[in-house]
Each structure stands twice: as structure tokens, then as C-alpha cells.
Amino acid sequence: AAIGGNGSGPAGSTAGHSIEDRLAEAIGLARAIQLEVCAAEIVPLPQPRPSTLFGSGKVKEIGELITAQDAGLAIVDHTVTPVQQRNLEKAWGCKVLDRTGLILEIFGQRALTREGRLQVELAHLTYQKSRLVRTWTHLERQRGGGGRGEEKARLQGSGEGTVFEGELVAAALGHVAEDGLAVG
């Protein structure tokens, strides 16, 4: 895994923690799920870019590092939008996780009970749902009529399966809590 923390925004110096502390924490989180960290660096982020978060030069530089290290995963210690994630994955040729995605992976690996696994799955589905719905919002602007027609059906379809699956998980979680089952 290659890890990049930034020097500004939500993942910058927060609540008395230095940028170096945040990077060390991100490395620790990656190692918590047995990821081999092959590179880690603090990336200045004076102006987040809507398309890739980082400027084109930094995207290229990190991409070269990922290629040289043969990393299959890049972790960005910052909130990454679905568009930024898709563009970075395309540019870097590897999977990209933001801090929330990394933490969900950790919880997923450590959940031992059926209730715990269901809670993590529900959190993961909720996270994915918010990302799926936002990935289709560009279609509403492509056509007049407030996004009606095929585009709106696609937008609704993107979230519906996840909502339905999330409702099933929530219902199962409710049954587990009611029954007091702790083993799965």
C-alpha cells in the first residue's frame, strides 16, 4: 500500500495532532489489516482539485511511485469523492481507499460476532450508497426536465439495490439484537 496524507483540510493538523502524527496513524491503520506499506508521504494540498484532489503533477508523481513500488492499493488520508476516487484509480492503475474506506475494512476484518459483521456491512453499504448516488448526479444536468427519463431511472436504480440490501441487513441486525444472538 502506498499512503498519502495531506497538509491541509480535514486530514491536516487537527485537534493538536501534527501532520506527521496523522501520517503515522494512517500507516498504523494500514498495518492493522496486514497491509505492507511500501511508501508514505505528506502531500501538500493548498487547493483541492475537484477531479483528482491533487494537482496533475502530484498525481503523475504519485502514480510513478505506485508503479515503481508495484503497489496494488493507494490510501489517501483525506475524504475522496467518488469522482476523485475513480480518476485516481484510473491514473494510478490501482485501488484507492480514503480514510473512511480504510476504517471500514479494519472493522470488517475484526468483526467476530454475527451482529458485529452485520453492523459493519450496514455501515459499508451506507457508505457505498452515498457514493453511488452521487456518481450519477451528473446525469440530471445533462438533460432538461429535472433529470427525468432514462437518466433518472439509472440514478434511482444505482441506489435502490443498495438501499434494499441495506434494509435487509438492518432488519437482520434488528433480529440479532432482539434474539440476543452473539455468535454467527
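Given the structure is predicted, the values throughout are model-derived calculations rather than measurements.

Asker: Any chance you could explain the overall build of the chain here in plain terms?
Answerer: When helices and strands are counted, the chain shows seven helices and four strands. Each helix and strand of the chain, ordered N terminal to C terminal, gives the series β-α-β-α-β-α-β-α-α-α-α. In the chain, the proportion of contacts linking residues at least 24 apart, taken out of those at least 6 apart, comes to 63%.

Asker: Sorry if this is basic, but what is going on with the pairing of strand S4 (residues 95-98) here?
Answerer: Two faces, one strand: in a regular strand the side chains alternate between the faces of the sheet. Direction of pairing for strand S3 (residues 73-77) relative to S4: parallel, over a ladder of four bridges. In the sheet register, Val 76 faces S4, and the bridge partner there is Asp 98. Taken together, S3, helix H3 (residues 82-92) and S4 constitute a β-α-β crossover, and its handedness is right-handed.

Asker: I'm lost on helix H4 (residues 99-110) in this one. Help?
Answerer: Given 3.6 residues per helical turn, the α-helix brings residues three or four places apart onto the same face. Its 12 residues place the ends of H4 17 Å apart at the C-alpha level, agreeing with the 16 Å of an ideal helix rising 1.5 Å per residue. Those residues of H4 that sit buried are Arg 99, Gly 101, Leu 102, Leu 104 and Ile 106.

Asker: How should helix H1 (residues 19-32) be read in this particular structure?
Answerer: Its 14 residues place the ends of H1 20 Å apart at the C-alpha level, agreeing with the 20 Å of an ideal helix rising 1.5 Å per residue. Burial in H1 covers these residues: Arg 22, Leu 23, Ala 26, Ile 27, Leu 29 and Ala 30. Down the axis of H1, the buried set is contained in an arc of 160°. They therefore lie on one face. Those residues of H1 that are exposed and angled more than 90 degrees off the buried face are Glu 20 and Arg 31.

Asker: Looking at this structure, how should I read the pattern of salt bridges?
Answerer: In this structure the tally under the stated criterion is five salt bridges. One salt bridge connects Asp 77 with Arg 99, and the closest N-O pair in it is separated by 2.7 Å. Residue Asp 77 is found in strand S3, and its partner Arg 99 is found in helix H4; the two are separated by 22 residues along the sequence. Comparing Asp 77 with Arg 99 shows no difference in burial state: the two are buried. A single salt-bridge network, built from bridges that share partners, covers Arg 22, Glu 25, Asp 77 and Arg 99.

Asker: What is the right way to read the confidence of the model for the chain from this model?
Answerer: Segments scoring low in pLDDT should not have their predicted coordinates read at a detailed level. In the predicted model, the chain carries a mean pLDDT of 76, and 62% of its residues have values of at least 70. Taken together, the stretch residues 9-13 has pLDDT below 50 and engages in 12 contacts with residues farther than four places along the chain or on a different chain. A low-confidence stretch, residues 145-160 stays under pLDDT 50, and its non-local contacts, those more than four residues away or across chains, total 14 contacts.

Asker: Just checking my understanding: could you explain the nonpolar core for this structure?
Answerer: Grouped burial of nonpolar side chains is what soluble globular proteins tend to show. In this structure, Phe 54, Ile 66, Val 76 and Trp 92 are the most contacted members of the largest nonpolar core, which totals 15 residues. Broken down by secondary-structure element, the contributors of at least two residues to this core are helix H2 (56-69), S3 and H3. Counting 11 residues, the second-largest nonpolar core is a separate cluster that includes Leu 23, Ile 27, Val 37 and Leu 97.

Asker: Help me understand the environment of Ala 123, please; the structure alone is not making it clear to me.
Answerer: Structurally, Ala 123 is set in helix H5 (residues 114-135). With 15 residues separating them along the chain, Ala 123 and Gly 108 place their C-alpha atoms 9.8 Å apart.

Asker: Where do I start with the environment of Ala 24 in this structure?
Answerer: With respect to the helices, strands and loops of the structure, Ala 24 is situated in helix H1. With a relative accessible area of 46%, Ala 24 lands in the partly exposed category. With 17 residues separating them in the primary sequence, Ala 24 and Glu 41 have C-alpha atoms 9.9 Å apart.

What counts as what
Residues numbered from 1 in each chain as written. Predicted model: local features only at pLDDT ≥ 70, side-chain atom pairs only at ≥ 80, totals over all residues. Heavy atoms only, no water. Helix = DSSP H or I, 4+ residues; strand = E, 2+ residues; numbered from the N terminus. Contact = heavy atoms within 4.5 Å. Pairing = 2+ DSSP bridges. Right-handed = clockwise from strand over helix to strand, strands pointing away. Expected span 1.5 Å × (residues − 1). Buried < 20%, exposed > 50% of the residue type's maximum accessible area, 1.4 Å probe, protein only. Arc of directions from axis to C-beta. Salt bridge = Lys/Arg side-chain N within 4 Å of Asp/Glu carboxyl O. pLDDT = per-residue confidence, 0-100. Core = buried A, V, L, I, M, F, W, Y, C linked by side-chain atoms within 4.5 Å.

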